[in-house]
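Below, each chain spelled out in residue letters.
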Amino acid sequence: MSGKIEFVDLRAQQERIREDLNKRVIKVLEHGQYIQGPECQELESALAEYCRCSHVIGVSSGTDALLMALMAKGVGPGDAVFCPAFTFTATAEVIVLLGATPVFVDVDPDSYLIDLGNLTAAITKVRQGKLIPRAILAVDLFGLTPDYRALTKFSQEHDLILIADAAQSFGAVFGNDRVGKLAPVTVTSFFPAKPLGCYGDGGAIMTDDTELAEQLRSIRAHGKGIHKYDIVRIGINGRLDTLQAAILLAKLKVFDDELRAREQVALWYDEALGGKIKKPVRPVGITCAWAQYTIQLDDRDRVADMLKTKGIPTAIYYPKPIHLQPAYMSYGDGIGSLPVSEFLSQRVLSLPMHPYLSRETIGIIADHLHAVIT
Ligand SMILES: *Cc1c(COP(=O)(O)O)cnc(C)c1O
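These notes cover the structure that comes with them.

Within the protein, the regular secondary structure consists of 11 helices and 12 strands. Its C-alpha radius of gyration of 21 Å places the protein within 12% of the 21 Å reference for a compact globule of 374 residues. Seen along its three principal axes, the alpha-carbon backbone of the protein occupies a region of about 65 × 60 × 35 Å. The buried share of the protein, reckoned over its 374 residues, is 54%. Long-range pairs, those at least 24 residues apart, make up 71% of the contacts in the protein between residues at least 6 apart in sequence. With an accessible surface of roughly 16300 Å², the protein has 54% of that area assigned to carbon and sulfur atoms. Side-chain charges in the protein split into 39 positive and 44 negative, and the spacing between the mean points of these groups amounts to 1 Å.

Across the sheet, three strands lie side by side as β7-β6-β10; this open sheet has antiparallel pairing. Of all strands in the sheet, those bounded by a partner on one side alone are β7 (177-178) and β10 (286-287).

In this section: the pattern of salt bridges. Under the defined criterion, the tally for this structure stands at 20 salt bridges. We note a salt bridge from Glu44 to Arg220, for which the minimum N-O separation is 2.8 Å. In this pair, Glu44 sits in helix α2 (residues 38-51) while Arg220 sits in the loop between α7 (210-219) and α8 (242-273), placing the two residues 176 residues apart along the sequence. For the pair formed by Glu44 and Arg220, the shared burial category is buried.

Criteria and thresholds
Residues numbered from 1 in each chain as written. Predicted model: local features only at pLDDT ≥ 70, side-chain atom pairs only at ≥ 80, totals over all residues. Heavy atoms only, no water. Helix = DSSP H or I, 4+ residues; strand = E, 2+ residues; numbered from the N terminus. Rg over C-alpha atoms; globule rule 2.2 N^0.38 Å. Buried < 20%, exposed > 50% of the residue type's maximum accessible area, 1.4 Å probe, protein only. Contact = heavy atoms within 4.5 Å. Areas by Shrake-Rupley, 256 points an atom, 1.4 Å probe, with all protein chains shown as cover. Lys, Arg positive; Asp, Glu negative; His and termini not counted. Charge placed at Lys NZ, Arg CZ, Asp CG, Glu CD. Pairing = 2+ DSSP bridges. Salt bridge = Lys/Arg side-chain N within 4 Å of Asp/Glu carboxyl O.

Structure follows, in structure tokens:
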């Protein structure tokens, strides 16, 4: 094995696409259209083709994508938005920013995804109070997509808007469809460490709804109407940079190959970790984007420290569920209210995951892990 083990190796990827990357970046520097240059449109078309969805709106980040999706749907004060408690802060933050109320729902202990039984109970409870149940923000944690067919049916039955927070799962496949095509509105992130990442902040919204796509294009440009100084709604500055679009075009070329490599790395981990360690689930018919390879351990913190001394980086996603974060305490029922999320936050550990890990490296990581836990 050569060199240091990286948690995410963006350098190996950069080496691979260097020539195309340089060409595309220089082209942007030459034409100088840094805002909404031709690469933005080119990327949106390429992504729409990739996901086989009608519209892709390139935006400034995954967080802004979530915010704009909720804005377009008119979510605001008095509305309850249901989201898992075991997720990244951004999922909940945008709900609060719009004056709506996040209702945290516990997740499934195996898939770590929002649990329909708990969701039903949460909706019933909200209906007894003053808030109006408005939307479900489902999260594709670690790159695994929930069953959006079931979730779409569920949301229709309960008259709720469904938005997919697919920040971690771009590229994942469920049945014959890719993320972007699975939910009525899908939001993703191009943060550098995500499966498809740029070299800064970026994101996208995907939908087949033409009217919604038009609203989103307006919202991302300060609510513009026919022209720039015709303002028809409240918007934000939510555009994706031309340079980031150019970088993503270069990365998209190798993305499918990288997804296959991630799947291979996950298989090597499955094999090398054996039966004693709780590994990620693999539901039939789903190809995960493997944003993370996350295991569960009884004494997670000790194991993480030991691995660190061996030069193996790990990460904890997430050490605290949202409902126990100081800023969000007032929206939940505190400790003990969402036991699965609380349990997971004490036990999860994400191992190095990127397309450029070798079988040999996975073997070394697994050997250290086995040595530490026995
Ligand atoms: C990364 C992430 C986001 C936010 O994406 P940014 O591009 O960093 O703003 C939102 N939700 C989830 C689940 C994420 O992992």
